[in-house]
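Listed below, chain by chain, are the residues.
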Amino acid sequence: MKKNITSSTLAIFVLIMINGIGCAGHNKSKPHDDDAYGSRAYGYFLDGNMPLAVETYKKGYISARKTDHGHGAARHLSNIGRVYYEMGSLDSAVLYHRRAYEEFRAIDDQGHASKAAAFLALCLATGGDGVQAREWLKTAASTADRRDSEHYLAVIHGLVDCRLGAKIADENAVNAALAFYKKAKDHRMLSTIYILKADNETAKGTYAAAAGYLDSALTAIEISQERYKRSRILLRLASIQFRAGDEGAGKRYYERAAYCAPKGAAVPPIEEVMARLAD
């Protein structure tokens, strides 16, 4: 498995963030010592400071272990893996998502275990390991128990398809997920779906449609404040312009992407973006 992503990767909503655990009844859950670390780390993540986000999530994990906060420990492991994925450190991302899955299973949290397994599948597919990726997708489906799991897994399936160099196998399921998250006004997931649909259109050679979805993704990330995604969206727009033969526009998009790239995330050389046949 390759350790670093040298091309733009789909960014997808942080798997289980600090507010991911629900409340019991009408009373708010009692704060835990590690919650403050999670909140700060998420802020660093949104700001695009990936190394500091990892460092802070790791402190949160240690704090959760000291207070025997099982959900907190599992959540921090998942978030560490998520940030490593964003940085292109696939081996580390796989390691932490696998640990998160095991922790969630140990505390019988099937819903979050399913999402950890799903993101693990995405990491493996991004690294080119299609066999293990498909197996972990089956595991994710077998442990899913949340209301939106069908739509979430449909998106992950589509992402895995694209990562493995194929077109989306079930576009109807992805379109259903798009409608679901539009109704829910979940702009984090919407941005991911728009990027996914753009990649699918690019694979078909319908570049105008792909550019339209990427424009929608840019709007969604501004609403969700996940601006760290902007760089990889701009890289996709650069690639589309190069394919369309507009080298000047492609270079401008590339320069914009390079300037706003998250700290700790590699930006592929322009020659790679110009030559890329598929993300």
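Residues numbered from 1 in each chain as written. Predicted model: local features only at pLDDT ≥ 70, side-chain atom pairs only at ≥ 80, totals over all residues. Heavy atoms only, no water.

**Re the confidence of the model for the chain**
So, step 1. When the pLDDT values of the chain are averaged, the result is 87; 87% of them are 70 or greater.
So, step 2. Confidence, read as mean pLDDT per element, is least for helix 13 (residues 270–275) in the chain (89) and greatest for helix 4 (residues 90–106) (97).
So, step 3. Counted against residues more than four places away or in other chains, residues 1–28, with its pLDDT under 50, gives 98 contacts. (pLDDT = per-residue confidence, 0-100. Helix = DSSP H or I, 4+ residues; strand = E, 2+ residues; numbered from the N terminus. Contact = heavy atoms within 4.5 Å.)

**Examining the environment of tyrosine 61**
So, step 1. By the element assignment, tyrosine 61 lies in helix 2 (residues 50–66).
So, step 2. Among the residues examined, tyrosine 61 registers a relative accessible area of 17% and is labelled buried.
So, step 3. C-alpha separation for the pair tyrosine 61 and aspartate 34, spaced 27 residues apart in sequence, amounts to 7.1 Å.
So, step 4. With residues near it in sequence (within four places) discarded, tyrosine 61 still touches Ala73, His76, Leu77 and Arg99.
So, step 5. Polar side-chain contacts of tyrosine 61 include one of 3.2 Å to the side chain of arginine 99. (Buried < 20%, exposed > 50% of the residue type's maximum accessible area, 1.4 Å probe, protein only. Polar contact = N/O pair within 3.5 Å; in protein donor to acceptor, adjacent residues only side chain to side chain.)

**Re the nonpolar core**
Soluble globular proteins tend to pack their nonpolar side chains together in the buried interior.
So, step 1. Counting 79 residues, the largest nonpolar core has Phe45, Val83, Tyr152, Tyr181 and Ile233 as its most contacted members.
So, step 2. Broken down by element, the residue count for this core peaks at 11 residues, all from helix 5 (residues 110–126). (Core = buried A, V, L, I, M, F, W, Y, C linked by side-chain atoms within 4.5 Å.)

**Remarks on the packing of aromatic side chains**
So, step 1. In total, this model carries six aromatic pairs according to the counting rule given.
So, step 2. When the ring of tyrosine 101 is compared with that of tryptophan 136, the centres are 5.0 Å apart and the planes differ by 85°; the resulting orientation is edge-to-face. Linking tyrosine 101 in helix 4 with tryptophan 136 in helix 6 (residues 130–143), this pair joins segments that are 35 residues apart in sequence.
So, step 3. Among the residues examined, tyrosine 101 registers a relative accessible area of 10% and is labelled buried. (Phe/Tyr/Trp six-rings, centres within 6.5 Å; stacked < 30°, edge-to-face > 60°.)

**Description of the packing of helix 6 against helix 7 (residues 149–163)**
So, step 1. For the pair helix 6 and helix 7, the least separation of the axes is 11 Å and the interaxial angle reads 180°. In terms of their interaxial angle, helix 6 and helix 7 are classed as roughly antiparallel. Facing helix 6, whose interface residues are Ala133, Arg134, Leu137, Ala140 and Ala141, helix 7 presents Leu153, Ile156, His157, Val160 and Asp161.
So, step 2. When its residues are assigned to classes, the contact of helix 6 with helix 7 shows seven nonpolar, one polar and two charged. (Axes fitted to C-alpha atoms, helices over the stretch in contact; angles between N-to-C directions. Parallel < 35°, antiparallel > 145°, perpendicular 65-115°, else oblique. Nonpolar A, V, L, I, M, F, W, Y, C, P; charged D, E, K, R; others polar.)

**Remarks on helix 2**
So, step 1. With 17 residues, helix 2 extends 25 Å from end C-alpha to end C-alpha; this agrees with the ideal 24 Å at 1.5 Å per step.
So, step 2. Those residues of helix 2 lying buried are Met50, Ala53, Val54, Thr56, Tyr57, Gly60, Tyr61, Ser63 and Ala64.
So, step 3. Residues of helix 2 that are buried sit in contact with helix 1 (35–47), helix 3 (70–87) and helix 4.
So, step 4. Where helix 2 begins, the side chain of asparagine 49 points an oxygen toward the backbone nitrogen of leucine 52, at a separation of 3.2 Å. (Expected span 1.5 Å × (residues − 1).)

**Quick notes on unusual backbone geometry**
So, step 1. Residues other than glycine seldom take positive phi values, yet aspartate 68 does so here, at roughly 55°.
So, step 2. By secondary structure assignment, the location of aspartate 68 is in the loop between helix 2 and helix 3.
So, step 3. Taking relative accessible area as the criterion, aspartate 68 reaches 67% and is therefore assigned exposed.
So, step 4. Of note, the phi angle at aspartate 108 is positive, near 60°, even though the residue is not glycine.
So, step 5. Turning to its location among the elements, aspartate 108 is positioned in the loop between helix 4 and helix 5.

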